[in-house]
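Report on the structure
So the chains spell out like this:
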Amino acid sequence: MKVNLHSEEKEGVVTVFIDGEFDMAASPKIRNFLAPLFHENSRSIIVDLSKVPYIDSSGIATLVEGLQWSHSKGKKFRLTQLSPTVKDVFEIARLLTVFEVFDTIEDALQGV
Amino acid sequence: MAQSIKITIPSDPRYLCVNRKTLQQILTLFELPEELTGQLALCVDEACSNVIKYGYEGETHHTIEISYTIDNDVFEVNIRDYGKQCDTSTFQPRCLDDVKPGGLGTFFINKIMDSVSYCTQREKGTLLTMTKNLKPHMVDHKEKDDA
């Protein structure tokens, strides 16, 4: 299943929209999309997961990499609008407190 | 569903979703909670991903044979590959406190499934068998619906 990606930049905040399943097949493409964003001048990166119905450990690994890149570059890295299935995977992996997770994009934009 | 449903997919990550959808459709017939359906699909997916990564070392032209059975409310999945046999004792889930990319697949499998066994006593490849008792979840689901 194909994953579609696009991003929007506004006042130093890049929001990445992922549309599709975030599995072993999609992770390299998403990783390649995210990686350059950490080298740009933006101060925050928000990943909108509202159209991600499924995530596996390779997807989680990609987001953990993003988190590590954000730490090394001094940027904020936030996740928003996790579907119940995706949220459950984060819960099992006890990652909901590791990432900054927000219910809405508006919430995620606060304080970035 | 004492009779098995079998599916064979290429060892190519692009086809993981085909297997996932098949399993989700099967589980839908049993009216399981969405959360459990997602978790079982995750475990099977992670196991198939491991076959591709470690058993077939990323080669995409091999096969993965998967069979599903639900008998007496016990879900069983068998995943057969013909790749490299790995030392299954090294399949250890990593500590969750150590936040780093990778290594979560085995953790998900061990956390969610009731039993996990790897059989390498064959000429080639591995047979992985995983089971999950669905009964407690079915009751819980029905009670929620009745409430």
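Residues numbered from 1 in each chain as written. Chains lettered and ligands numbered in written order. Predicted model: local features only at pLDDT ≥ 70, side-chain atom pairs only at ≥ 80, totals over all residues. Heavy atoms only, no water.

This paragraph deals with the overall build of chain B. When helices and strands are counted, chain B shows four helices and five strands. Secondary structure elements of chain B occur, N-terminal to C-terminal, as β-α-α-β-β-α-β-β-α. Across chain B, every contact between residues at least 6 apart in sequence was considered, and the portion connecting residues at least 24 apart equals 66%. Accessible area of chain B: about 7,700 Å², with a carbon and sulfur share of 47%. (Helix = DSSP H or I, 4+ residues; strand = E, 2+ residues; numbered from the N terminus. Contact = heavy atoms within 4.5 Å. Areas by Shrake-Rupley, 256 points an atom, 1.4 Å probe, with all protein chains shown as cover.)

Right, let's get into the pairing of strand β1 (residues 4–10) of chain A. Residue and element names in this part refer to chain A. Looking at chain direction, β1 and strand β2 (residues 13–19) are connected through seven bridges and run antiparallel. Across the sheet, the residue bridging to H6 is F17, located in β2. Connecting the antiparallel pair β1 and β2 is a turn made up of two residues, with E11 showing a positive phi of about 50°. (Pairing = 2+ DSSP bridges.)

Residues and elements named next belong to chain B. If you trace the backbone, N133 turns up in strand β5 (residues 126–133). Filtering out sequence-adjacent residues up to four positions away, N133 remains in contact with D73, V74 and D114. Polar side-chain contacts of N133 include one of 3.1 Å to the backbone nitrogen of K135. (Polar contact = N/O pair within 3.5 Å; in protein donor to acceptor, adjacent residues only side chain to side chain.)

Two elements in contact, helix α3 (residues 84–92) of chain A and helix α2 (residues 34–55) of chain B, have axes whose closest approach is 10 Å; the angle formed by their N-to-C orientations is 65°. The angle between the axes of α3 of chain A and α2 of chain B places the two elements in the roughly perpendicular class. Seen along the crossing, α3 of chain A lies across α2 of chain B with a hand that is right-handed. Contact with α3 of chain A, carried on its side by T85, D88, V89 and I92 of chain A, involves E34, E35, G38, Q39 and L42 of chain B of α2 of chain B and no other residues of that element. Residue composition of the contact of α3 of chain A with α2 of chain B, by class: three nonpolar, three polar and three charged. (Axes fitted to C-alpha atoms, helices over the stretch in contact; angles between N-to-C directions. Parallel < 35°, antiparallel > 145°, perpendicular 65-115°, else oblique. Left-handed = near helix turned anticlockwise from the far one by under 90°. Nonpolar A, V, L, I, M, F, W, Y, C, P; charged D, E, K, R; others polar.)

All names here are of chain B. Contact geometry for α2 and helix α3 (residues 105–112): axes closest at 9 Å, N-to-C directions at 140°. Comparing their axes, α3 and α2 come out oblique. Here the hand of the crossing between α2 and α3 comes out left-handed. When α2 is examined against α3, the residues Q39, L42, C43, E46, A47 and N50 are found in contact with a partner set consisting of G105, T106, F108, I109 and I112. Tallied by class, the residues present in the contact of α2 with α3 amount to six nonpolar, four polar and one charged.

A few words on the interface of chain A and chain B. Contact with chain A, which involves 22 residues of that partner, is made by 29 residues of chain B. Carbon and sulfur atoms supply 64% of the area buried between chain A and chain B, which totals about 2,000 Å² over both sides. On the chain A side of the interface with chain B, the three residues burying the most area are M24, Y54 and I92 of chain A, jointly 30% of the side's total. Taken together, the connections running from chain A to chain B amount to three salt bridges. K21 of chain B serves as the salt-bridge partner of E21 of chain A, at 2.6 Å between the closest nitrogen and oxygen. Along the contact surface separating chain A from chain B lie six residue pairs in polar contact (both at pLDDT 80 or more). At the level of secondary structure, the elements contributing two or more residues to the side of chain A that touches chain B comprise α2 (57–73) and α3 of chain A. No other element matches α2 of chain A, which puts six residues into the side of chain A that touches chain B. (Buried area = accessible area lost by both parts, 1.4 Å probe. Salt bridge = Lys/Arg side-chain N within 4 Å of Asp/Glu carboxyl O.)

Honestly, that's just the spatial picture; any functional story needs more than this.
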